[in-house]
Amino acid sequence: MDIQQIFAARQQAEQNRRLECYRRLNRVAKKGQIVFAGSSLMEQFPIDEMQHSLDLPWCIYNRGIGGYVSSQMLQGLEAMVLELEPAKLFINIGTNDIGLDIQDQLWPNYKEILRRVKDRLPGCRIYLMAYYPCNNQDDFGLPDIVKAGMFRTRTPESLLEANRKVEQLAREMGCRYIDVNRGLADGQGLLRAEYAVDGVHFYPDGYFHVLENLRPWLAE
């Protein structure tokens, strides 16, 4: 087993553990609240701490899982979303599909995720969040081979094109598309370097912008 296989096996084990944790947490969670679901960019949203620090008037459950692609979210939808029976669902899934160049799977999977949620939870309001900007220009200390792989197909241009498709999907499926990126990008449309961890993920203070942009939809 080479190093990539070892990494993949460890990542899958961690993802399985995280999904099982969500299943167990769901047993005592309140139904009819707000759920955030997606991959690492959702999992790393420190919304639980923000709820306490900012005295937010909502109960928000974060069900993101790092490394997930759309097919994995589809398979894990019961624990990530459906068991919680949310009144509102905010989704950010697909950046890993884009980064792995499997967008041909992303859009059918994304549509099926929405169809299943709407079928099971017809009263749930569903919000499709725009993909966050990335920064493939500044130096974040990544080895060249890692940086090349991370940004081979995940580029500012590909994310903008993907956002157009998400917006179209939202219209088609009767969901709400929301651009939550105000304050995250610099003058070139790149993720602001002061927030960026590696050019894709960002530090908690970046999420304060996202939260401010989300507030009207959380409150409606």
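Going along each chain's sequence as written, the residues are numbered from 1 onward. Confidence filtering applies because this is a predicted model: local features only for residues at pLDDT of at least 70, side-chain atom pairs given and counted only at 80 or more, and all residues used for totals across whole chains, interfaces and linings. Excluded from the side-chain calculations are hydrogens and water; all other atoms, namely the structure's heavy atoms, are used.

Once that is clear, we can look at helix α9 (residues 156-173). For α9, spanning 18 residues, the distance from its first C-alpha to its last is 26 Å, which sits close to the expected 26 Å at 1.5 Å a residue. Those residues of α9 that fall on the buried side of the exposure criterion are Pro156, Ser158, Leu159, Ala162, Asn163, Val166, Leu169, Ala170 and Met173. All buried residues of α9 fall inside an arc of 145° around its axis, so they share one side. Of the exposed residues in α9, the ones pointing more than 90 degrees away from its buried face are Glu157, Leu160 and Arg171. Contacts are assigned to residue pairs that have any heavy atoms within 4.5 Å of one another. By definition, any uninterrupted DSSP run of H or I lasting at least four residues is a helix, any uninterrupted run of E lasting at least two residues is a strand, and each is numbered from the N terminus. At its buried positions, α9 is contacted by α6 (95-99), α7 (103-120), β4 (125-129) and β5 (176-178). Directly after α9, the chain includes glycine 174, whose backbone phi takes a positive value near 70°. Expected helix span is taken as 1.5 Å per residue step, with the number of steps being one fewer than the number of residues. Residue exposure (1.4 Å probe, protein chains only): buried if accessible area is under 20% of the type maximum, exposed if over 50%, otherwise partly exposed. By construction, the arc corresponds to the directions joining the helix axis to the C-beta atoms.

To continue, consider the side chain of asparagine 26. Residue position: asparagine 26 is located in helix α1 (residues 3-26). Taking relative accessible area as the criterion, asparagine 26 reaches 3% and is therefore assigned buried. Two N or O atoms count as a polar contact when they lie within 3.5 Å, although within protein this holds only if one can serve as hydrogen donor and the other as acceptor, and sequence-adjacent residues are included solely when both atoms are side-chain atoms. A distance of 3.0 Å separates polar atoms of two side chains, one belonging to asparagine 26 and the other to arginine 63. Setting aside chain neighbours within four positions, we find asparagine 26 in contact with Lys31, Arg63, Ala79, Glu83 and Leu84.

Within the largest apolar cluster, 70 residues are counted, with the highest numbers of intra-cluster contacts made by Phe45 and Tyr110. With residues near it in sequence (within four places) discarded, tyrosine 110 still touches Ile91, Ile93, Leu128, Tyr131, Val166 and Leu169. The definition of a nonpolar core used throughout is a set of buried Ala, Val, Leu, Ile, Met, Phe, Trp, Tyr and Cys residues joined through side-chain atoms within 4.5 Å.

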